[in-house]
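# What the coordinates show
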Amino acid sequence: MHQGREVDTVIVGAGFSGLYMLHRLRQLGVSAVVFEAGKSVGGTWFWNRYPGARVDIESQEYCYSFSPELDREWKWTERYAAQPELLKYLNHVADRFDLRKDIHLETRVTAAHYDEDARRWRVTTDKGETIVCRFCVMATGCLSVPKADAELPGSEAFKGDSWHTGRWPEGGVDFTGKTVAVIGTGSSAIQAIPIIAAQADHVTVFQRTPNFSVPAHNGPIDPAVVADWEKNRDAYRKEARDTGFGIRYVSMGEQAAHEATPAEQKAAYEERWKYGGFALLGAYNDLILDRDANSTAAKFVHEKIHEIVKDPAVAAKLSPKTYPIGAKRICVDTGYYATFNRDNVSLVDLTEEPIERVTANGVKTGAKEYPVDAIVYAIGFDAMTGALDKIDITGRAGAKLKDAWSAGPKTYLGLMVAGFPNLFLVTGPGSPSVLCNMAVAIEQHVDWISDCIAWMGERQARAIEATEAAQDEWVAHVNEVADTTIYPYANSWYLGANVPGKPRVFMPYIGGFPVYRDKCNEVAARGYEGCTVAA
Ligand code: FAD
Ligand code: NAP
């Protein structure tokens, strides 16, 4: 690429978001290039290839809906697709829509500076290239920056092998004959532990906070489900988009928990536990709003853990008691709790014996040293803001995004930032993003951004920017809604609480996908209300 080459739009990232963004802009005749740090397209599904990695939403719902042809052609093999199949799907999308020619792999964007006079962004990559563009779309992912192992003192001294789940080696890892430490018990660990345990000599799980997990009941996709979707696809897609979480099978019950007797509650939870996945949280319409209602569902899962795990002391340690169910993302597992019945798996409760350091030979807690051959860091991500924070983004009047967000991210609708004209975020903080089926959230954002760019083109407008007032109002609304729910009661990554020193601000929008989508549509219909548009 030539120094200073000019295109209409630079897109950063080639996951679900970046691929669809490129496709939509092509359809509009808007020139675009994509920069992707990874060796392949796929984003999350390229990087997270740890054993057991799979989607936690049923496959037919966690995929693009924009092309009925693509939808019809692609055949999922499992109820919850595994990482290799998801990566294959995204590669197929890149080929099917001939996207690769505009994607530059293994190229990291290091800076994006706005030139106010020219009304252009200058985007710099780690290859030393600069490209000039009118619009810059950050499709950089909510969960694309793994937390550094260095958060655990001494990690550099460890003599064995170690891996972060979010940067798993391409050839996989053979754990045969090895003693393994897994640090963390979030979704990544919960998917990986049963598979590592089946292979390794011994697995020691280091748990700081237990997580609620529900069974996936995964298996080959049911041909009846496929046939039903083929018949009703459009209606089902619409139904999914009209649910709060963008997932058709998680539509909320009509009843509040307190309107049901304990026996009815148990029956409702049992039915949803049998169905599997997030369905449990939809049993009653107040489970994410009311702590008492929520505790009925939490108690049900505690009982399930005690039924599955033979050692009552281990079951008690695995039962989350310090926060409401759902306030951290529920995990969807295959045999997680039962894995603790194996002789070769042990659980270390870090609330009783915190990790002091990683040593040359293993992990040392307040109680003792655990020697291991290998360490799996399943410690999560610098979520929502991490990827943007790594880019030197400078807007109008030399304003740095890092400074603008020093007390927590502020956006208008999670799509734009005051002071940063013509910069768009896909699933930015302040949008439903990670509290929604991400495939649904991403398509809605990409469509909105594309429509906005087309609208600008029709008017030959040069710059669009959110006003501070509209942004402040939206941020206040995001917080206000979060405060009516159970979400702030957990030290979750939604709040930035998993990263030492990160401001504690609830980042995603929990008002529900349909409410949010309608608001975005209304803003657009009113000529991008809340934005200034420069001719
Ligand atoms: P990503 O897939 O994260 O892609 C962003 C890309 O941008 C990355 O490839 C990254 O390398 C690139 N990038 C970032 N910064 C730069 C830069 N400066 N320069 C160049 N490239 C850059 N969501 C669900 O709804 N359901 C699920 O079941 C689900 N499972 C998940 C499982 C795991 C293990 C993880 C980590 C996340 C999961 N998610 C899930 C969330 C998931 O991230 C989204 O569903 C979706 O894949 C996000 O797509 P994206 O394109 O927005 O971001
Ligand atoms: P995570 O949910 O943030 O879990 C990280 C785990 O590591 C937590 O148990 C955390 O404990 C622990 N941890 C972090 N830092 C630690 C430290 N310094 N010392 C000890 N323990 C530490 O990360 P994740 O499991 O990678 O999942 C992140 C998100 O990605 C999920 O919530 C989900 O949205 C998505 N995901 C989805 C799937 C899926 O099922 N499809 C799979 C993987 C990921 P604390 O809880 O105490 O912080």
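The text that follows walks through the structure, step by step, so that each part is easy to find. Residue positions are counted from 1 within each chain, in the order its sequence is given. Working convention: letters from A go to chains and numbers from 1 go to ligands, in the order in which they are written. With the structure being a predicted model, the display of local features is reserved for residues of pLDDT at least 70 and the display and counting of side-chain atom pairs for 80 or more, all residues being used for whole-chain, interface and lining totals. To obtain the side-chain values, all non-hydrogen atoms of the structure were used and water was disregarded.

## Quick notes on the overall build of the chain
Convention followed: Segments assigned H or I by DSSP are reported as helices when at least four residues long, segments assigned E as strands when at least two residues long, and all are numbered from the N terminus. Computation of the radius of gyration draws on C-alpha atoms, with the globule rule given as 2.2 Å multiplied by the number of residues to the power 0.38. Between buried and exposed lies partly exposed: a residue is buried under 20% and exposed over 50% of the maximum accessible area for its type, with that area taken using a 1.4 Å probe on protein chains only.
Within the chain one finds 15 helices and 20 strands. Whereas a compact globule of 535 residues would reach a radius of gyration of roughly 24 Å, the chain reaches 23 Å, a difference of no more than 12%. Each principal axis of the C-alpha atoms in the chain carries an extent, and together these give about 70 × 55 × 45 Å. Counting across all 535 residues of the chain, residues that qualify as buried make up 59%.

## Description of the pattern of salt bridges
Rule in force here: A pairing counts as a salt bridge when a side-chain nitrogen of Lys or Arg comes within 4 Å of a carboxyl oxygen of Asp or Glu.
Under the defined criterion, the tally for this structure stands at 31 salt bridges. Across the salt bridge formed by glutamate 58 and arginine 79, the nearest N and O atoms sit 3.0 Å from each other. Of this pair, glutamate 58 sits in the loop between α2 (44-47) and α3 (68-73) while arginine 79 sits in the loop between α3 and α4 (83-96), and the two are 21 residues apart along the sequence. Both residues of the pair, glutamate 58 and arginine 79, count as buried. Aspartate 518 serves as the salt-bridge partner of arginine 517, at 3.2 Å between the closest nitrogen and oxygen.

## Examining the site of ligand 1
Just so we agree on the cut-off: It suffices for a single heavy atom of a residue to lie within 4 Å of a molecule or strand for the residue to be listed as near it. Polar contact criterion, stated in full: a pair of N or O atoms within 3.5 Å, where within protein one must be able to donate a hydrogen and the other to accept it, and residues adjacent in sequence count only if both atoms are side-chain atoms. All accessible areas in this document rest on Shrake-Rupley with a 1.4 Å probe, and a residue is counted as covered only by the protein chains that are shown. Each residue gets one of three labels, nonpolar for Ala, Val, Leu, Ile, Met, Phe, Trp, Tyr, Cys and Pro, charged for Asp, Glu, Lys and Arg, and polar for the others, Gly among them.
Neighbouring ligand 1 are 33 residues, the closest being Ser17, Glu36, Thr44, Asp56 and Tyr62. At 3.1 Å from an oxygen atom of ligand 1 is found a side-chain nitrogen or oxygen belonging to tryptophan 47. Residue methionine 438 places a main-chain N or O atom 2.9 Å away from an oxygen atom belonging to ligand 1. When ligand 1 sits alone it has 980 Å² of accessible area, and the protein chains cover 95% of it. The element contributing the most residues to the shell around ligand 1 is α2, with 3 residues. Residue composition of the shell around ligand 1, by class: 18 nonpolar, 11 polar and 4 charged.

## Notes on helix α14 (residues 468-483)
The condition is simple: For a helix, the expected span equals 1.5 Å multiplied by the number of residues minus one. The arc in question is formed by the directions pointing from the helix axis toward the C-beta atoms. Throughout, a residue-residue contact means that at least one pair of heavy atoms, one from each residue, lies within 4.5 Å.
Compared with an ideal rise of 1.5 Å per residue, which puts 16 residues at 22 Å, α14 spans 22 Å between its outermost C-alpha atoms and is within 8% of the ideal. For α14, the complete set of buried residues consists of Ala470, Gln471, Trp474, Val475, Val478, Val481 and Ala482. The arc that holds the buried residues of α14, viewed along the axis, is 135°, so those residues lie on one side. Exposed and facing more than 90 degrees away from the buried side of α14 are Glu468, Ala469, Glu473, Glu480 and Asp483. If you follow the buried residues of α14, they end up packed against α15 (513-525).

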